[in-house]
Amino acid sequence: MKVSGYSLGACEEVTGSKHILDIDGREIMIDCGSFQGKRRESDEKNRQFNIDLSHLDSVIVTHGHLDHCGLLPVLTKKGYEGNIYATPATRDLVNIIMMDSARIQARDAEFLAKRASKKGGAFTWKPLYDEKDCVATANQIVSLSYNRKMLLAPNVQLEFLDAGHILVSSFANITVNPNKQNPDEELRILYTGDIGRKGKPIVRDPAVDFPAPDYIYLESTYGNKLHEQHDFAMKELERIVREAVAKKGKVIIPSFAIERAQELVFALHLLMDKQKIPKIPIYVDSPMATNATSIFMVHPECYDEEVNEAFLKHHKNPFGFSSLTYTTSVEESKKLNKKEGPMIIISADGMCEAGRVLYHLANNISDPKNTILIVGYMAENTLGRRIKEGESEVRILGDVYKVNAKIEQLNAFSAHADYSEMTSWLKEINTSRLKKIFLVHGEKEPQAFFKEHLIKNGFPNVEIVKDKERYFFDK
């Protein structure tokens, strides 16, 4: 039996996760994500996605982020009719992500058509998929809970393990030739998707108790970065909010709609409950974040003990309190820019390349009373990255704005483990059979650093995955 793998994305870059496991010519795809970053470049790369469907048996989705599930409708639109495996909450989140992406593309197409019409030119850009494609894709998703084994084929077994990244994010633990009588005959490959951090609120810690893998596909988003500790981040968040209140300014937080928005709401709720910050209006201005929060609320089985206790024992809603408003309509969103501070606005897109956050940045980034708080990863060449790196002027929605607002950054709210946390996780799991670690989901410089760090810490066989390059797996 020949077993090999190759990747069609997240190779020496963070987004576009698509990894293929080939078993004697039959293929399993682990994640089918969109490239994210600079919009034109990402769109071109997403349109180049191609795979021979005649060999594709099944698809596995580790979690509901766009860069891991955003091209599923393209796959089914091309003719894929097989099963797509995901945990129950991931299934729900994927539905939201896909539909939101389809609606954004439809609005973009409408905007570009109007602009082309005004200029008297031809309009050629079309959405990658529409809502009907998303519905068709949703009908192919098969739910599989954590720690339940399922045969994808007579000789291939899937088990989801908790990745601790976002709500019901998963490691995809794949066993080729499962054999209870003789485990030495098995080939075990672990795809981490995105790996979370110990001690984060809401979600549980990444799983460590599972059979020793032979190979690990390990993310490396923060391969050369260390995050602040959570307690430090809470004190910094308190300081940032208090300073903004003193100036009667606004705190604009670009945030991914799933997990990050909910964690920020949870943190602000705790600070208000403990009277560490004054009660000021907090707005979650993202329809997708609002929908995702409703999914968080109906999956309490996925929470860590602290949040579970708040829900089940004290009947408190950590995602809904008196100072918090979820906006849904465009009119509500526009009104926020006319309101005086102090206030906090949490808005998508997390990398500042699309969505309502662009309008909040355009209206607030030039006012020194205001604060822009960066709480997550910003891909190269994105508006968020330029703001984070301190550029004095930025272009937003076609116009140039001076950056007079205070720019703050908190890495502790990242849902990705840093290089030290990933190394600690590797040392905690059973690596007695580990032959090689494949690094994916990282830019070149962080990956090079992380590879050397892993080698120095007792993991000598580390390979940085190249785009479309094939790697072979031995027992």
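Report on the accompanying structure.

Calculation rules
Residues numbered from 1 in each chain as written. Predicted model: local features only at pLDDT ≥ 70, side-chain atom pairs only at ≥ 80, totals over all residues. Heavy atoms only, no water. Helix = DSSP H or I, 4+ residues; strand = E, 2+ residues; numbered from the N terminus. Buried < 20%, exposed > 50% of the residue type's maximum accessible area, 1.4 Å probe, protein only. Polar contact = N/O pair within 3.5 Å; in protein donor to acceptor, adjacent residues only side chain to side chain. Contact = heavy atoms within 4.5 Å. Pairing = 2+ DSSP bridges. Axes fitted to C-alpha atoms, helices over the stretch in contact; angles between N-to-C directions.

### A closer look at the side chain of T76
- Within the fold, T76 resides in helix α3 (residues 72–77).
- You can call T76 buried: its relative accessible area is 13%.
- Engagement of the side chain of T76 in a polar contact is seen with the backbone oxygen of P73, the distance being 3.1 Å.
- Those residues in contact with T76 that lie beyond four places of it in its chain are I84, D133, T137 and Q140.

### Regarding the sheet that holds strand β7 (residues 149–153)
- In spatial order, the strands read β7-β8-β9-β10-β11-β20-β21; together these 7 strands make up an open sheet with mixed pairing. What marks the edges here is a single partner per strand, and that holds for β7 and β21 (462–464). Across the sheet, the mean angle from the axis of one strand to that of its neighbour is 25°, orientation sign disregarded.
- Alignment of strand β11 (residues 215–219) against strand β20 (residues 436–440), held across 5 bridges, turns out to be parallel. Each residue of the ladder has a partner; that of Y217, found in β20, is F438.
- Sheet strands in contact with helix α13 (residues 419–428) are β9 (170–176), β10 (187–191), β11 and β20, and its direction is about 160° off that of β11.

### Some remarks on the side chain of R385
- Along the chain, R385 turns up in helix α12 (residues 383–388).
- Given the relative accessible area of 15%, R385 is considered buried.
- Discounting residues that sit within four places of it in the chain, R385 has contacts with Y377, M378, A379, E380 and E443.

### Some words on the pairing of β10
- Most of β10 sits out of view: 5 of its 5 residues are buried.
- Judged by which residues are buried, β10 turns out to be covered on both faces: L187, I189 and Y191 on one side and R188 and L190 on the other are all buried.
- Taken together, the 5 bridges between β9 and β10 define a ladder with antiparallel strand orientation. Residue pairing across strands places A172 opposite Y191, the latter belonging to β10.
- Alignment of β10 against β11, held across 3 bridges, turns out to be parallel. Each bridged residue has a counterpart across the sheet, and for L190 the counterpart in β11 is I216.

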